[in-house]
Amino acid sequence: MIIVSVFVLIGVLLLLIIGISIIQQQKARVEAERRTELARQRAIIDETEGVLSNTGLIPCSSNIVLILYKRIEEALVIAASLSPAQKNDYERRLFDLRAQIEALNNAPKSAPAIEMFRLPDNDRQVLTLVQTLKKMKAILRAEHNKGRVEPSNFAQEELRIDSLQLRINVDSMLARGRAACFMKQYGSAKQMVTKALSTLHTIKAQTPNDPFIAKKVDEAKTMLDEIMGAQKMAQPQVAAAKEDEDDIDVLFQPKRKW
């Protein structure tokens, strides 16, 4: 009887140990999931705030700014529920953010003219613009897929971003072509301007009434003519230099013995 009681006690202890182990594993899994989700929400906040910080470089509409604000708001709410230790900090940020959202909602909707946009001279700023627009477009699509952006607003904002990306792409190619021409690298200059023209003609077939495209097509054609003219003027000089070089080579080449 005592032996049976010992075995029963051992069995109970084993079950208790197994039960405690399962509970600890479950808690560890829940904690790991909490940390992963918290890190994801923080990444969303950081990414969106990064995009917002660069909106001053581009003519952004109030609609896209509102979409970015609301994305941060949702992430802050989730982060506050997942991090009791930092809940007060997240709630303070939420309070300030909601005040900005309310002010933006009450203000007249505005959208600066894209035509006023000018490409920065600094290459680093251009790269920042390209990365910002790429992230902005991805955020816009993600929010639209979640049903948080009206279809009309989505179409309008995506077209606006596409137009800005086109302007940056074309202006960058023309600027590189102009710089290559200044350095008398006419082959590279011609390649860049031709590429810009090809891009413009592709877009022109889709949006034939865009004044920006018509203007840039004329600008690219004029630049291409200038490059071709400069290249032709440079060819006689290159040929003359080559002839002089050949004469010098002949003069100083080793004498042959007959």
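Up top is the structure these notes are about.
We now turn to the structure provided with this report.

About the cut-offs
- Residues numbered from 1 in each chain as written.
- Predicted model: local features only at pLDDT ≥ 70, side-chain atom pairs only at ≥ 80, totals over all residues.
- Heavy atoms only, no water.
- Salt bridge = Lys/Arg side-chain N within 4 Å of Asp/Glu carboxyl O.
- Helix = DSSP H or I, 4+ residues; strand = E, 2+ residues; numbered from the N terminus.
- Buried < 20%, exposed > 50% of the residue type's maximum accessible area, 1.4 Å probe, protein only.
- 1 Å grid on protein atoms, 1.4 Å probe; cavity = no way out; pocket = protein on both sides within 12 Å on 5 of 7 lines; lining within 4 Å.
- Points joined across faces, edges and corners; volume = space filled by probe spheres on them.
- Nonpolar A, V, L, I, M, F, W, Y, C, P; charged D, E, K, R; others polar.

Following the criterion strictly, the structure yields 17 salt bridges and no others. Residue glutamate 31 is joined to arginine 34 by a salt bridge in which the shortest nitrogen-to-oxygen separation is 2.7 Å. Taken together, the positions of glutamate 31 and arginine 34, both in helix H1 (residues 2–53) and three residues apart, correspond to about one turn of that helix. For glutamate 31, a relative accessible area of 29% corresponds to the partly exposed category. With a relative accessible area of 25%, arginine 34 lands in the partly exposed category. Of the charged contacts in the structure, one is a salt bridge between glutamate 143 and arginine 148, with a shortest N-O distance of 3.6 Å. Judged by its relative accessible area of 42%, arginine 148 falls in the partly exposed class. In this structure, a network of salt bridges that share partners links the residues Glu47, Arg71, Glu74, Glu143, Lys146 and Arg148.

This paragraph deals with empty space enclosed by the protein. Taken as a whole and assessed by the stated rule, the structure comprises one cavity of 30 Å³ or more. Taken as a whole, the largest cavity holds about 40 Å³ of empty space. As for the largest cavity, its lining consists of Pro59, Cys60, Ser61, Ile64, Met136, Glu157, Arg160, Ile161 and Leu164. Looking at the lining of the largest cavity element by element, the count peaks at four residues for helix H5 (residues 151–182). Each residue belonging to the lining of the largest cavity can be placed in one class, and the counts come to six nonpolar, one polar and two charged.

That is the geometry; function is a separate question.
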